[in-house]
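Notes for the structure review
These are the residues of each chain, in order.
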Amino acid sequence: MKQVIIELGEKSYPVYIGKGIHSKIADVLKEHRISNQIVIITDRNVAKHHLSKFKKQLKTVGNVVNTIVIPAGEKQKSWQRLQAVLAEIVRLKLSRNAVIVALGGGVVGDLAGFAAATFRRGIAFVQVPTTLLSQLDSSVGGKVGVNFLENKNIIGAFHQPKFVLSDVEFLKTLPKREIICGIGEMLKYGILGGEDTFKFLNSNLNEINKLNLEVVEETIFHCVNIKAKMVSEDEKELFKTGGRVPLNIGHAVGHALEALSNYRLHHGEAVLLGLRVETDIANEMGILKEKDYGLITDYLYRIKFQPDLSYIKLKNIIDYLAAGKGGAKTRFVLPKKIGSVEVTSEVSLSIIQRLLRKKFSSNNRQIP
Ligand SMILES: NC(=O)c1ccc[n+]([C@@H]2O[C@H](COP(=O)([O-])OP(=O)(O)OC[C@H]3O[C@@H](n4cnc5c(N)ncnc54)[C@H](O)[C@@H]3O)[C@@H](O)[C@H]2O)c1
(Lines give C-alpha, C1' and ligand atoms only; values in the text may rest on other atoms or scores of the structure.)
Protein backbone atom coordinates (compact mmCIF):
# COMPACT_ATOMS: atom_id res chain seq x y z
CA MET A 1 0.00 0.00 0.00
CA LYS A 2 1.29 3.46 -0.92
CA GLN A 3 0.69 6.53 1.20
CA VAL A 4 0.78 10.27 0.53
CA ILE A 5 0.37 12.77 3.35
CA ILE A 6 -1.54 15.96 2.69
CA GLU A 7 0.32 18.37 4.97
CA LEU A 8 -2.12 20.83 6.47
CA GLY A 9 -0.99 21.23 10.09
CA GLU A 10 -3.69 19.93 12.41
CA LYS A 11 -5.82 19.02 9.40
CA SER A 12 -3.15 16.82 7.78
CA TYR A 13 -4.34 13.46 6.52
CA PRO A 14 -3.13 10.42 4.66
CA VAL A 15 -4.19 9.18 1.24
CA TYR A 16 -3.84 5.39 1.10
CA ILE A 17 -3.53 3.90 -2.37
CA GLY A 18 -3.44 0.17 -3.05
CA LYS A 19 -5.05 -2.98 -4.38
CA GLY A 20 -7.68 -4.69 -2.23
CA ILE A 21 -7.19 -2.23 0.64
CA HIS A 22 -10.87 -1.49 1.20
CA SER A 23 -10.96 -4.66 3.28
CA LYS A 24 -8.87 -2.74 5.82
CA ILE A 25 -11.37 0.09 6.22
CA ALA A 26 -12.48 -0.93 9.72
CA ASP A 27 -8.88 -1.03 10.98
CA VAL A 28 -8.08 2.30 9.39
CA LEU A 29 -11.14 3.88 11.02
CA LYS A 30 -10.06 2.48 14.38
CA GLU A 31 -6.54 3.76 13.88
CA HIS A 32 -7.98 7.21 13.22
CA ARG A 33 -10.22 6.90 16.31
CA ILE A 34 -13.31 7.51 14.28
CA SER A 35 -16.65 7.10 16.03
CA ASN A 36 -18.84 4.06 15.62
CA GLN A 37 -21.74 6.05 14.17
CA ILE A 38 -21.19 5.84 10.43
CA VAL A 39 -23.25 6.96 7.46
CA ILE A 40 -22.17 5.70 4.06
CA ILE A 41 -23.30 7.93 1.22
CA THR A 42 -23.06 6.30 -2.17
CA ASP A 43 -24.87 6.14 -5.52
CA ARG A 44 -26.95 3.36 -7.05
CA ASN A 45 -24.26 2.11 -9.44
CA VAL A 46 -21.61 1.88 -6.77
CA ALA A 47 -24.11 0.35 -4.35
CA LYS A 48 -24.96 -2.38 -6.85
CA HIS A 49 -21.33 -3.49 -7.15
CA HIS A 50 -19.70 -2.70 -3.84
CA LEU A 51 -21.99 -1.59 -1.01
CA SER A 52 -22.88 -4.82 0.74
CA LYS A 53 -19.30 -6.08 0.97
CA PHE A 54 -18.04 -2.69 2.05
CA LYS A 55 -20.74 -2.31 4.68
CA LYS A 56 -19.89 -5.73 6.11
CA GLN A 57 -16.26 -4.63 6.53
CA LEU A 58 -17.38 -1.60 8.50
CA LYS A 59 -19.62 -3.63 10.76
CA THR A 60 -16.83 -6.01 11.78
CA VAL A 61 -15.81 -3.74 14.64
CA GLY A 62 -19.35 -3.16 15.86
CA ASN A 63 -19.94 0.10 14.07
CA VAL A 64 -23.48 1.38 13.64
CA VAL A 65 -23.70 1.75 9.89
CA ASN A 66 -26.44 3.61 8.02
CA THR A 67 -26.54 4.07 4.29
CA ILE A 68 -27.91 6.74 2.02
CA VAL A 69 -28.07 5.74 -1.64
CA ILE A 70 -28.64 8.49 -4.21
CA PRO A 71 -29.23 8.20 -7.96
CA ALA A 72 -26.05 8.42 -10.06
CA GLY A 73 -24.81 11.31 -12.18
CA GLU A 74 -23.74 14.94 -12.15
CA LYS A 75 -27.32 16.23 -11.90
CA GLN A 76 -27.38 14.81 -8.36
CA LYS A 77 -24.72 17.31 -7.33
CA SER A 78 -27.51 19.76 -6.68
CA TRP A 79 -29.01 21.85 -3.93
CA GLN A 80 -32.15 19.70 -4.00
CA ARG A 81 -30.21 16.45 -3.56
CA LEU A 82 -28.12 18.00 -0.79
CA GLN A 83 -31.31 18.99 1.01
CA ALA A 84 -32.72 15.46 0.66
CA VAL A 85 -29.48 13.92 1.96
CA LEU A 86 -29.35 16.35 4.89
CA ALA A 87 -32.98 15.55 5.71
CA GLU A 88 -32.09 11.85 5.95
CA ILE A 89 -29.05 12.66 8.08
CA VAL A 90 -31.16 14.75 10.46
CA ARG A 91 -33.70 11.92 10.72
CA LEU A 92 -30.86 9.59 11.75
CA LYS A 93 -30.30 11.83 14.80
CA LEU A 94 -26.53 11.73 14.43
CA SER A 95 -24.30 13.24 17.05
CA ARG A 96 -21.42 15.62 16.28
CA ASN A 97 -19.10 12.61 16.51
CA ALA A 98 -20.68 10.77 13.63
CA VAL A 99 -18.72 10.27 10.43
CA ILE A 100 -19.82 10.35 6.81
CA VAL A 101 -18.10 7.93 4.46
CA ALA A 102 -18.30 8.98 0.81
CA LEU A 103 -18.19 5.78 -1.24
CA GLY A 104 -18.25 6.71 -4.91
CA GLY A 105 -16.94 9.01 -7.59
CA GLY A 106 -16.46 12.75 -7.52
CA VAL A 107 -20.18 13.46 -7.45
CA VAL A 108 -20.71 11.47 -4.26
CA GLY A 109 -17.46 12.82 -2.77
CA ASP A 110 -18.34 16.47 -3.41
CA LEU A 111 -21.95 16.11 -2.25
CA ALA A 112 -21.30 13.93 0.81
CA GLY A 113 -18.34 16.11 1.79
CA PHE A 114 -20.53 19.21 1.63
CA ALA A 115 -23.21 17.50 3.72
CA ALA A 116 -20.47 16.69 6.27
CA ALA A 117 -19.23 20.30 6.14
CA THR A 118 -22.66 21.73 6.92
CA PHE A 119 -24.40 19.24 9.24
CA ARG A 120 -24.03 20.53 12.83
CA ARG A 121 -21.48 23.04 11.46
CA GLY A 122 -19.18 20.29 10.30
CA ILE A 123 -18.66 16.64 11.14
CA ALA A 124 -15.90 14.26 10.11
CA PHE A 125 -15.84 12.62 6.73
CA VAL A 126 -13.82 10.03 4.91
CA GLN A 127 -13.32 9.61 1.17
CA VAL A 128 -13.44 6.15 -0.37
CA PRO A 129 -13.22 7.04 -4.07
CA THR A 130 -14.33 4.46 -6.62
CA THR A 131 -13.62 6.13 -9.98
CA LEU A 132 -10.26 6.77 -11.59
CA LEU A 133 -11.03 10.50 -11.63
CA SER A 134 -11.87 10.62 -7.95
CA GLN A 135 -8.88 8.47 -6.95
CA LEU A 136 -6.32 10.58 -8.74
CA ASP A 137 -7.90 13.94 -8.13
CA SER A 138 -11.25 14.85 -6.61
CA SER A 139 -11.05 12.93 -3.32
CA VAL A 140 -7.98 14.93 -2.31
CA GLY A 141 -7.91 18.59 -1.31
CA GLY A 142 -11.16 19.18 0.55
CA LYS A 143 -13.12 21.02 -2.12
CA VAL A 144 -16.74 19.98 -1.60
CA GLY A 145 -19.96 21.43 -2.94
CA VAL A 146 -22.80 21.41 -5.43
CA ASN A 147 -23.68 23.00 -8.75
CA PHE A 148 -26.23 25.81 -8.71
CA LEU A 149 -28.05 27.83 -11.38
CA GLU A 150 -25.96 26.39 -14.24
CA ASN A 151 -22.73 27.15 -12.39
CA LYS A 152 -20.41 24.28 -11.55
CA ASN A 153 -19.34 24.05 -7.91
CA ILE A 154 -20.53 27.57 -7.09
CA ILE A 155 -21.86 26.63 -3.63
CA GLY A 156 -19.46 24.74 -1.41
CA ALA A 157 -16.80 24.68 1.25
CA PHE A 158 -13.30 23.55 2.01
CA HIS A 159 -13.69 20.58 4.31
CA GLN A 160 -10.80 18.14 4.50
CA PRO A 161 -11.45 14.42 4.95
CA LYS A 162 -9.92 12.49 7.86
CA PHE A 163 -8.33 10.17 5.32
CA VAL A 164 -8.73 8.96 1.76
CA LEU A 165 -8.70 5.28 0.95
CA SER A 166 -8.25 4.56 -2.77
CA ASP A 167 -8.63 0.91 -3.67
CA VAL A 168 -7.86 0.37 -7.37
CA GLU A 169 -9.84 -2.89 -7.26
CA PHE A 170 -13.01 -0.77 -7.32
CA LEU A 171 -12.08 0.35 -10.82
CA LYS A 172 -12.67 -3.12 -12.26
CA THR A 173 -16.42 -2.46 -12.43
CA LEU A 174 -16.04 1.02 -13.88
CA PRO A 175 -17.58 1.53 -17.34
CA LYS A 176 -15.03 2.25 -20.11
CA ARG A 177 -16.43 5.74 -20.51
CA GLU A 178 -15.47 6.58 -16.92
CA ILE A 179 -11.90 5.40 -17.51
CA ILE A 180 -11.65 8.02 -20.27
CA CYS A 181 -13.01 10.59 -17.81
CA GLY A 182 -10.27 9.71 -15.34
CA ILE A 183 -7.69 9.98 -18.08
CA GLY A 184 -9.15 13.39 -19.05
CA GLU A 185 -8.49 14.76 -15.56
CA MET A 186 -5.19 12.88 -15.33
CA LEU A 187 -3.77 14.51 -18.49
CA LYS A 188 -3.52 17.83 -16.67
CA TYR A 189 -0.98 16.31 -14.26
CA GLY A 190 1.18 15.44 -17.25
CA ILE A 191 1.27 19.12 -18.18
CA LEU A 192 1.59 20.44 -14.60
CA GLY A 193 3.93 17.83 -13.15
CA GLY A 194 7.04 18.54 -15.23
CA GLU A 195 9.02 16.42 -17.67
CA ASP A 196 9.33 13.22 -15.60
CA THR A 197 5.60 13.03 -14.91
CA PHE A 198 4.84 13.90 -18.51
CA LYS A 199 7.09 11.07 -19.71
CA PHE A 200 5.63 8.61 -17.22
CA LEU A 201 2.01 9.38 -18.07
CA ASN A 202 2.64 9.64 -21.79
CA SER A 203 4.42 6.31 -22.00
CA ASN A 204 1.86 4.55 -19.81
CA LEU A 205 -1.30 5.94 -21.37
CA ASN A 206 -2.23 2.66 -23.06
CA GLU A 207 -1.70 0.61 -19.91
CA ILE A 208 -3.80 3.04 -17.90
CA ASN A 209 -6.49 2.89 -20.55
CA LYS A 210 -6.39 -0.92 -20.37
CA LEU A 211 -6.61 -0.64 -16.59
CA ASN A 212 -3.34 -2.33 -15.74
CA LEU A 213 -3.85 -1.96 -11.99
CA GLU A 214 -0.14 -1.82 -11.07
CA VAL A 215 0.38 1.07 -13.49
CA VAL A 216 -2.88 2.70 -12.39
CA GLU A 217 -1.77 2.55 -8.75
CA GLU A 218 1.55 4.20 -9.65
CA THR A 219 -0.30 6.83 -11.70
CA ILE A 220 -2.63 7.73 -8.84
CA PHE A 221 0.39 7.99 -6.55
CA HIS A 222 2.10 10.38 -9.01
CA CYS A 223 -0.96 12.60 -9.43
CA VAL A 224 -1.83 12.70 -5.73
CA ASN A 225 1.75 13.67 -4.88
CA ILE A 226 1.51 16.62 -7.25
CA LYS A 227 -1.86 17.68 -5.89
CA ALA A 228 -0.66 17.20 -2.29
CA LYS A 229 2.08 19.80 -2.77
CA MET A 230 -0.31 22.33 -4.26
CA VAL A 231 -3.01 21.81 -1.63
CA SER A 232 -0.51 22.01 1.24
CA GLU A 233 0.73 25.34 -0.09
CA ASP A 234 -2.66 26.84 -0.74
CA GLU A 235 -5.48 24.96 1.00
CA LYS A 236 -8.24 27.43 0.14
CA GLU A 237 -7.06 28.51 -3.29
CA LEU A 238 -6.18 32.01 -2.11
CA PHE A 239 -3.17 32.35 -4.40
CA LYS A 240 -3.76 34.42 -7.52
CA THR A 241 -1.61 32.34 -9.84
CA GLY A 242 0.35 29.57 -8.04
CA GLY A 243 -0.71 27.19 -5.29
CA ARG A 244 -3.66 25.08 -6.39
CA VAL A 245 -4.79 27.47 -9.14
CA PRO A 246 -2.93 25.55 -11.92
CA LEU A 247 -5.15 22.55 -11.17
CA ASN A 248 -7.87 24.42 -13.05
CA ILE A 249 -6.08 24.07 -16.37
CA GLY A 250 -8.57 23.10 -19.08
CA HIS A 251 -11.47 23.83 -16.74
CA ALA A 252 -12.64 27.22 -18.05
CA VAL A 253 -13.66 25.78 -21.41
CA GLY A 254 -14.28 22.37 -19.82
CA HIS A 255 -16.87 23.69 -17.37
CA ALA A 256 -18.58 25.66 -20.14
CA LEU A 257 -18.91 22.54 -22.30
CA GLU A 258 -20.01 20.40 -19.39
CA ALA A 259 -22.75 22.82 -18.30
CA LEU A 260 -23.92 23.63 -21.84
CA SER A 261 -24.17 19.95 -22.71
CA ASN A 262 -26.58 19.77 -19.77
CA TYR A 263 -24.15 17.19 -18.33
CA ARG A 264 -24.42 14.84 -21.29
CA LEU A 265 -20.67 15.31 -21.37
CA HIS A 266 -19.18 13.93 -18.19
CA HIS A 267 -16.75 16.05 -16.21
CA GLY A 268 -13.54 14.29 -17.26
CA GLU A 269 -14.60 14.29 -20.91
CA ALA A 270 -15.28 18.02 -20.75
CA VAL A 271 -11.89 18.62 -19.13
CA LEU A 272 -10.18 16.62 -21.87
CA LEU A 273 -11.85 18.79 -24.51
CA GLY A 274 -11.13 21.92 -22.46
CA LEU A 275 -7.43 21.01 -22.32
CA ARG A 276 -7.34 20.64 -26.09
CA VAL A 277 -8.96 24.03 -26.69
CA GLU A 278 -6.95 25.85 -24.04
CA THR A 279 -3.70 24.40 -25.38
CA ASP A 280 -4.58 25.90 -28.75
CA ILE A 281 -5.49 29.21 -27.13
CA ALA A 282 -2.09 29.27 -25.38
CA ASN A 283 -0.31 28.61 -28.66
CA GLU A 284 -2.37 31.18 -30.53
CA MET A 285 -1.55 33.81 -27.87
CA GLY A 286 2.16 33.02 -28.14
CA ILE A 287 2.28 31.70 -24.55
CA LEU A 288 3.04 28.09 -25.47
CA LYS A 289 5.94 27.58 -27.84
CA GLU A 290 5.83 25.20 -30.80
CA LYS A 291 8.00 22.39 -29.37
CA ASP A 292 5.94 21.87 -26.23
CA TYR A 293 2.74 22.63 -28.14
CA GLY A 294 3.50 19.65 -30.40
CA LEU A 295 4.31 17.36 -27.46
CA ILE A 296 1.23 18.39 -25.48
CA THR A 297 -1.20 18.13 -28.40
CA ASP A 298 0.14 14.69 -29.38
CA TYR A 299 -0.35 13.60 -25.78
CA LEU A 300 -3.87 15.07 -25.56
CA TYR A 301 -4.97 13.44 -28.82
CA ARG A 302 -3.57 10.00 -28.04
CA ILE A 303 -6.87 9.31 -26.35
CA LYS A 304 -9.42 8.96 -29.09
CA PHE A 305 -12.36 11.03 -28.00
CA GLN A 306 -14.45 12.88 -30.55
CA PRO A 307 -18.02 13.20 -29.33
CA ASP A 308 -20.73 14.81 -31.40
CA LEU A 309 -21.27 18.23 -29.90
CA SER A 310 -23.43 19.62 -32.65
CA TYR A 311 -26.17 20.25 -30.09
CA ILE A 312 -24.06 22.92 -28.37
CA LYS A 313 -24.20 26.35 -29.96
CA LEU A 314 -20.85 28.04 -30.39
CA LYS A 315 -22.42 31.34 -29.37
CA ASN A 316 -23.53 29.85 -26.06
CA ILE A 317 -19.97 28.77 -25.26
CA ILE A 318 -18.71 32.28 -25.94
CA ASP A 319 -21.54 33.83 -23.90
CA TYR A 320 -20.85 31.42 -21.02
CA LEU A 321 -17.16 32.32 -20.97
CA ALA A 322 -17.92 36.03 -21.36
CA ALA A 323 -20.33 35.94 -18.40
CA GLY A 324 -17.62 34.50 -16.11
CA LYS A 325 -18.24 32.65 -12.85
CA GLY A 326 -20.35 34.28 -10.13
CA GLY A 327 -19.79 37.70 -11.72
CA ALA A 328 -15.98 37.43 -11.88
CA LYS A 329 -14.13 37.37 -15.20
CA THR A 330 -13.36 33.87 -16.47
CA ARG A 331 -9.86 32.91 -15.44
CA PHE A 332 -7.85 30.73 -17.79
CA VAL A 333 -4.94 28.56 -16.78
CA LEU A 334 -2.94 28.12 -19.96
CA PRO A 335 0.05 25.84 -20.53
CA LYS A 336 3.32 27.77 -20.98
CA LYS A 337 5.49 24.66 -21.30
CA ILE A 338 5.55 21.22 -19.75
CA GLY A 339 5.70 21.94 -16.01
CA SER A 340 4.50 25.53 -16.05
CA VAL A 341 1.36 27.57 -16.72
CA GLU A 342 0.23 31.14 -17.12
CA VAL A 343 -2.91 32.33 -15.37
CA THR A 344 -4.82 35.08 -17.13
CA SER A 345 -8.28 36.57 -17.42
CA GLU A 346 -7.21 38.45 -20.53
CA VAL A 347 -8.12 35.99 -23.25
CA SER A 348 -9.78 37.67 -26.17
CA LEU A 349 -13.15 36.15 -26.95
CA SER A 350 -12.44 36.56 -30.64
CA ILE A 351 -9.48 34.15 -30.35
CA ILE A 352 -11.70 31.59 -28.61
CA GLN A 353 -14.42 32.09 -31.19
CA ARG A 354 -12.01 31.63 -34.07
CA LEU A 355 -10.43 28.50 -32.56
CA LEU A 356 -13.73 26.92 -31.66
CA ARG A 357 -15.16 27.64 -35.08
CA LYS A 358 -12.12 26.01 -36.68
CA LYS A 359 -12.33 23.00 -34.35
CA PHE A 360 -16.06 22.58 -34.74
CA SER A 361 -15.83 22.56 -38.48
CA SER A 362 -12.57 20.80 -39.27
CA ASN A 363 -12.39 17.05 -39.59
CA ASN A 364 -8.89 16.93 -38.30
CA ARG A 365 -8.53 16.90 -34.52
CA GLN A 366 -11.89 18.54 -34.06
CA ILE A 367 -13.52 18.87 -30.66
CA PRO A 368 -16.62 17.04 -31.75
N1 LIG B 1 -13.54 18.23 -5.33
C2 LIG B 1 -12.61 18.30 -6.25
O3 LIG B 1 -11.47 18.71 -6.01
C4 LIG B 1 -12.94 17.84 -7.65
C5 LIG B 1 -11.92 17.67 -8.60
C6 LIG B 1 -12.24 17.17 -9.85
C7 LIG B 1 -13.57 16.86 -10.15
N8 LIG B 1 -14.53 17.04 -9.21
C9 LIG B 1 -15.92 16.68 -9.49
O10 LIG B 1 -16.00 15.28 -9.62
C11 LIG B 1 -17.16 14.98 -10.40
C12 LIG B 1 -16.82 13.90 -11.41
O13 LIG B 1 -16.43 12.75 -10.73
P14 LIG B 1 -16.48 11.31 -11.41
O15 LIG B 1 -15.88 11.38 -12.74
O16 LIG B 1 -15.96 10.36 -10.42
O17 LIG B 1 -18.04 11.11 -11.68
P18 LIG B 1 -19.23 10.34 -10.93
O19 LIG B 1 -19.11 10.45 -9.48
O20 LIG B 1 -20.49 10.81 -11.58
O21 LIG B 1 -18.99 8.82 -11.35
C22 LIG B 1 -19.08 8.47 -12.70
C23 LIG B 1 -20.04 7.29 -12.92
O24 LIG B 1 -19.40 6.09 -12.52
C25 LIG B 1 -20.24 5.35 -11.62
N26 LIG B 1 -19.33 4.63 -10.73
C27 LIG B 1 -18.53 5.14 -9.78
N28 LIG B 1 -17.71 4.20 -9.28
C29 LIG B 1 -18.01 3.06 -9.92
C30 LIG B 1 -17.50 1.74 -9.88
N31 LIG B 1 -16.46 1.43 -9.10
N32 LIG B 1 -18.06 0.81 -10.67
C33 LIG B 1 -19.08 1.12 -11.51
N34 LIG B 1 -19.59 2.36 -11.61
C35 LIG B 1 -19.05 3.32 -10.85
C36 LIG B 1 -21.10 6.40 -10.97
O37 LIG B 1 -22.29 5.85 -10.52
C38 LIG B 1 -21.33 7.36 -12.13
O39 LIG B 1 -22.37 6.87 -12.95
C40 LIG B 1 -17.62 16.27 -11.03
O41 LIG B 1 -18.76 16.74 -10.34
C42 LIG B 1 -16.47 17.22 -10.77
O43 LIG B 1 -16.87 18.55 -10.69
C44 LIG B 1 -14.24 17.51 -7.97
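The structure contained in this document is the topic of the report that follows. (Residues numbered from 1 in each chain as written. Predicted model: local features only at pLDDT ≥ 70, side-chain atom pairs only at ≥ 80, totals over all residues. Heavy atoms only, no water.)

Here's the deal with the site of the ligand
- What surrounds the ligand is a group of 28 residues, the closest being D43, E74, T131, K152 and T173.
- Contact between the ligand and D110: a nitrogen atom at 3.0 Å from a side-chain N or O atom of the residue.
- At a separation of 3.5 Å, an oxygen atom of the ligand approaches a polar side-chain atom of K227.
- Going through the elements one at a time, α2 (44-59), α4 (106-118), α5 (132-138), β8 (151-158) and α6 (176-192) are the ones with two or more residues in the shell around the ligand.
- Top element by residues in the shell around the ligand is α2. It accounts for four residues.
- The residue makeup of the shell around the ligand, split by class, is seven nonpolar, 11 polar and 10 charged. (Near = heavy atom within 4 Å. Polar contact = N/O pair within 3.5 Å; in protein donor to acceptor, adjacent residues only side chain to side chain. Helix = DSSP H or I, 4+ residues; strand = E, 2+ residues; numbered from the N terminus. Nonpolar A, V, L, I, M, F, W, Y, C, P; charged D, E, K, R; others polar.)

Quick word on the environment of L211
- Assignment of secondary structure puts L211 in the loop between α7 (195-209) and α8 (213-233).
- Non-local contacts of L211, meaning those with residues more than four positions away in its chain, are made with L171, K172, I179 and V216. (Contact = heavy atoms within 4.5 Å.)

Some points on unusual backbone geometry
- One non-glycine residue with positive phi stands out, namely L211, at about 60 degrees.
- A residue is classified by how much of its surface remains accessible, and L211, at 19% relative accessible area, is buried.
- One non-glycine residue with positive phi stands out, namely E237, at about 50 degrees.
- Topologically, E237 is positioned in the loop between α8 and α9 (251-260). (Buried < 20%, exposed > 50% of the residue type's maximum accessible area, 1.4 Å probe, protein only.)

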